[in-house]
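Coordinate analysis (summary)
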Amino acid sequence: QAEVAGLERVSVPLGELDAWNLKIAIVDARGQPAAGNAGVWISTDARRLPLKLQADLTLGSFVLLLRQAE
């Protein structure tokens, strides 16, 4: 499941861009939460680039930032 949390200005190595912040619910095969604080930020321009992805997992957390788009 995904829910639009709102519009945000995101700073990534590619630049500073407006993006839709989507909060994501990730569940395992039993329907139990597999990640917390999961989200993806998609640019509002025509390219709809995935600018940022993040999640907290049981083994740690990660944040991925878009560096380049060709």
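It should be emphasised that the depicted structure is a prediction, and the values quoted were computed from it without experimental measurement.

What follows concerns the packing of aromatic side chains. Aromatic rings in a pair are described by how distant their centres are and how their planes are angled relative to each other. For the coordinates displayed, the defined rule picks out zero aromatic pairs. Above the plane of the ring of W41 lies K52, whose end atom (NZ or CZ) is 4.5 Å from the centre.

Our focus in this paragraph is the confidence of the model for the protein chain. Looking at the protein chain as a whole, its pLDDT mean stands at 92, while 100% of the residues score no less than 70. Mean pLDDT values for the elements of the protein chain range from 92 in strand 3 (residues 36-43) up to 96 in strand 2 (residues 15-24).

Here we come to unusual backbone geometry. In the Ramachandran plot, N37 falls in the positive-phi region, its phi being about 50° despite a non-glycine side chain. One can find N37 in strand 3.

What follows covers the nonpolar core. Core analysis: the biggest nonpolar cluster contains eight residues, these being V10, V12, L17, A19, W41, L49, L51 and L66. For this core, the elements supplying multiple residues, two or more each, are strand 1 (2-12) and strand 2. Setting aside its immediate chain neighbours within four residues, L66 contacts V12, P13, L14, L49, P50 and L51.

Strand order across the open sheet formed by five strands is 1-2-3-4-5, with antiparallel pairing between neighbours. Each edge of the open sheet is held by one strand with a lone partner, namely strand 1 and strand 5 (60-65). Sheet twist, expressed as the average angle between the axes of neighbouring strands with direction ignored, equals 20°. For strand 2 and strand 3, the ladder comprises six bridges, and the chain directions are antiparallel. From the neighbouring strand, N21 faces strand 3, where its bridge partner is W41.

What follows deals with the environment of L17. Positionally, L17 belongs in strand 2. It is 8.5 Å that separates the C-alpha atoms of L17 and L51, two residues lying 34 residues apart in sequence. Setting aside residues no more than four positions away along its own chain, L17 makes contact with E8, R9, V10 and L51.

Conventions and cut-offs
- Each chain has its residues counted from 1, running along the sequence as written.
- Only residues with pLDDT of at least 70 get local features here, since the model is predicted, and only at 80 or more are side-chain atom pairs given and counted; chain-wide, interface and lining totals rely on the full set of residues.
- Calculation of side-chain values draws on the structure's entire complement of heavy atoms; hydrogens and water are dropped beforehand.
- Note on aromatic pairs: the rings of Phe, Tyr and Trp (six-membered ring only in Trp) are paired at centre separations within 6.5 Å, and the planes decide the class, stacked below 30 degrees, edge-to-face beyond 60, tilted for the rest.
- Note on geometry: a ring has a charge over it if NZ (lysine) or CZ (arginine) is within 6 Å of the ring centre and within 35 degrees of the ring normal.
- pLDDT runs from 0 to 100 and stands for how confident the predictor is about each residue.
- For helices the rule is a DSSP run of H or I covering at least 4 residues; for strands it is a run of E covering at least 2, with both sets numbered from the N terminus onward.
- Residues belong to a common nonpolar core when they are buried Ala, Val, Leu, Ile, Met, Phe, Trp, Tyr or Cys residues joined through side-chain atoms within 4.5 Å.
- Relative accessibility decides the category of a residue: with a 1.4 Å probe and only protein chains considered, values under 20% of the type maximum give buried, values over 50% give exposed, and everything between is partly exposed.
- Contacts are residue-level and defined by heavy atoms, with any inter-residue pair within 4.5 Å sufficient.
- A strand pair is defined by DSSP finding two or more bridges across the two strands.
- Only C-alpha atoms enter the line fits that serve as axes; for helices the fit covers just the stretch in contact. Angles between N-to-C directions range over 0 to 180 degrees.

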